[in-house]
Amino acid sequence: MDAAVAPRTLTEHRPASNRAELVALGRLAGPLVAANLLQMAVYAVDVVFVARLGALELAASTLGLFIYSLVMWGLIGLTGACAPLIAAELGARRHAVRQVRRSFRMAMWLGVLVATPLAVAMAFGETILLAAGQDPAVADRADAFLDILLFALVPSVLCGVMRTTAAALGRPGWAMVVTAIALGVGIVANWCFVFGNAGFPRMGLEGSALASLVTTLVMTIAYAVILVRDRRLRRYRLFGRWWQTEWPRMAQIVRLGVPIALTLTFEGALFGGAAVLMGLIGVAEVAAHAVALNIAAIAFQIPLGIGQAATIRVGMAYGARDPAWVGRAGNVAVALGIGAMVLTAAAIWIAPLPFVGAYLDLADPVNAPVIALALQFLLIAAIFQLLDGAQVVTAGVLRGVQDTRAPMLIALFGYWVIGFGTSILLGFRFGWGGVGVWIGLAVGLLAVSILLLWRWHVRDRLGLLPRTA
């Protein structure tokens, strides 16, 4: 029965050339990149509305979102391990429908089982922030913010699983559509709840959290409807037998997903730690760091989408037990990721002032110290754009061959031993301040990029390739 209903996928024809692989990768990566950029806009909408409430509320939402995002991205990394498994199942063409459904179901189960207790833990946000030495007033407001936002954690993780599955099954465009809908819902919900428009009560910071919850619920419902109604996706009956357990498959997802979750956590915590170091240097450094990092984060969405697509493409080749295709898919993805970041890095390097001007009033003399620092940080950011693009795409490629443990150890060593250590050394011991901290970030990314690229280069010697079918 499975073979009879197996739909056409991106593996219908194995690309016989780099150009054909590039086209296939582009069709998959393009919508994912667009969805990632739209997601950044969704986050920006929340910041724009909360910023009008004052410095205290903005600081509280920033800290609350940091805790929430760190947990959420770790969970999405954990459950996102279903992507290489689904891709491999499609590549193998063996009972694809049933196996895909099992991977999807157990990833959803895992998301609920792990996210629920973590959501409960987020209810103690004030205690966590006070233990971290944060201002009591800010911690109190952040706690009120998290008390509402924590209800979005489980739906967010489920959204991640459904988005990943739709993309792996050859329907990445839905991610762009759903995120565009979320952007519109987020704008309207913030307008209604934060400032009390359209007959709703003025809720302030709590209204922003409620808007995020509503937006997430709308995305969850939209993805569920798509998986059920889309002509290609409904053939898999992904929600069929949702009560049935497949513990061996869940163990597979955990084995691959825990290292991915820890890798994302290490990276996210590195930039959070850099913000803490900036706080020890000065207020202007913190503001400049936030501006430069936000600009870099927007550009980062391009290689991130390419890396997500690379996991699927390489995973399909891995499942097909075609080492030549594995190598072609991985090499094309790495080249595309680095090439894209050459363009963004060049733009930042040549004309950084307009990027800063999007965040700060260049004519206001009060902003002069922050602008000067942000420009220095962006020159360094232009360099680490290349490194960040290389590492995120290569990590995605390695996930395609189900190699996640060694990249996790590389991330831990590169980010925290080399990167954070260099930031402390240059920023404080040598007195280079914020510039030293940013150079440390770049050095950490350089170390991780080199080690991951080396691991991909020697994939055959390390036994990462499948046996030829």
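Everything below is about the structure shown above.
First, a word on scope: everything that follows refers to the structure included in this document. If you're wondering where the values come from, they're calculated on a predicted model, not measured in any experiment.

### Things to note about a nonpolar patch on the surface
Line of reasoning, step 1. A grouping of Trp 349, Ile 350, Leu 379 and Ile 383 is seen on the molecular surface, where their side chains present a nonpolar patch of about 440 Å² in accessible area.
Line of reasoning, step 2. Elements supplying a minimum of two residues to the nonpolar patch: helix H13 (323-350) and helix H15 (368-400).
Line of reasoning, step 3. With respect to the element layout, Ile 383 can be found in helix H15.
Line of reasoning, step 4. Ile 383 sits in the partly exposed class, given a relative accessible area of 46%.

### A short note on the environment of Val 161
Line of reasoning, step 1. Mapped onto the secondary structure, Val 161 falls in helix H8 (residues 153-168).
Line of reasoning, step 2. According to the relative accessible area criterion, Val 161 is buried, its value standing at 1%.
Line of reasoning, step 3. When residues no more than four places from it in sequence are discounted, the contact partners of Val 161 are Thr 79, Cys 82, Phe 104, Ala 107 and Met 108.

### Examining the pattern of salt bridges
Line of reasoning, step 1. Using the criterion set out here, one finds 8 salt bridges in the structure.
Line of reasoning, step 2. Notably, a salt bridge pairs Glu 21 with Arg 313, separated by 3.0 Å at the nearest N-O pair. In this pair, Glu 21 is assigned in helix H2 (residues 18-51) and Arg 313 in helix H12 (residues 283-319), connecting sequence segments 292 residues apart.
Line of reasoning, step 3. With relative accessibility at 1%, the residue Arg 313 sits in the buried group.
Line of reasoning, step 4. Between Arg 171 and Asp 230 there is a salt bridge, with its nearest N and O atoms 2.8 Å apart. Here Arg 171 is found in the loop between H8 and helix H9 (173-193), whereas its partner Asp 230 is found in the loop between helix H10 (205-229) and helix H11 (247-281), with 59 residues between them in sequence.
Line of reasoning, step 5. Judged by its relative accessible area of 28%, Arg 171 falls in the partly exposed class.
Line of reasoning, step 6. It is possible to trace a salt-bridge network through shared partners that takes in Glu 57, Arg 141 and Glu 206.

### A short note on H2
Line of reasoning, step 1. Spanning 34 residues, H2 covers 47 Å between terminal C-alpha atoms, matching the ideal 50 Å at 1.5 Å per step.
Line of reasoning, step 2. In the structure, H2 departs most strongly from a straight axis at Ala 29, where the bend amounts to approximately 30° and where the proline Pro 31 lies between one and four residues downstream.

Conventions we followed
Numbers given for residues are sequential positions, taken from 1 along each chain in its written order. Given that this is a predicted model, residues contribute local features only at a pLDDT of at least 70 and side-chain atom pairs are listed and counted only at 80 or more, while totals for whole chains, interfaces and linings are drawn from all residues. Each side-chain value is derived from all of the structure's non-hydrogen atoms; neither hydrogens nor water enter the calculation. Think of a patch as exposed residues, more than 30% relative accessible area, with no salt bridge, where like charges cluster within 9 Å and nonpolar side chains (Val, Leu, Ile, Met, Phe, Trp, Tyr) cluster within 5 Å. Each accessible area is a Shrake-Rupley estimate made with a 1.4 Å probe; only the visible protein chains count as cover when residues are assessed. Basic side-chain nitrogens of Lys or Arg form a salt bridge, by our definition, when they fall within 4 Å of a carboxyl oxygen of Asp or Glu. Numbering of helices and strands runs from the N terminus; a helix is a DSSP stretch of H or I covering at least four residues, while a strand is a stretch of E covering at least two. Between buried and exposed lies partly exposed: a residue is buried under 20% and exposed over 50% of the maximum accessible area for its type, with that area taken using a 1.4 Å probe on protein chains only. Residues are treated as being in contact if the distance between any of their heavy atoms lies within 4.5 Å. Multiply 1.5 Å by the residue count of a helix minus one, and that product is the helix's expected span. What is called the bend at a residue is the angle between a pair of axes, fitted to the seven residues leading up to and ending at it and to the seven starting from it.

Without other data, these values stay purely geometric and don't point to any function.
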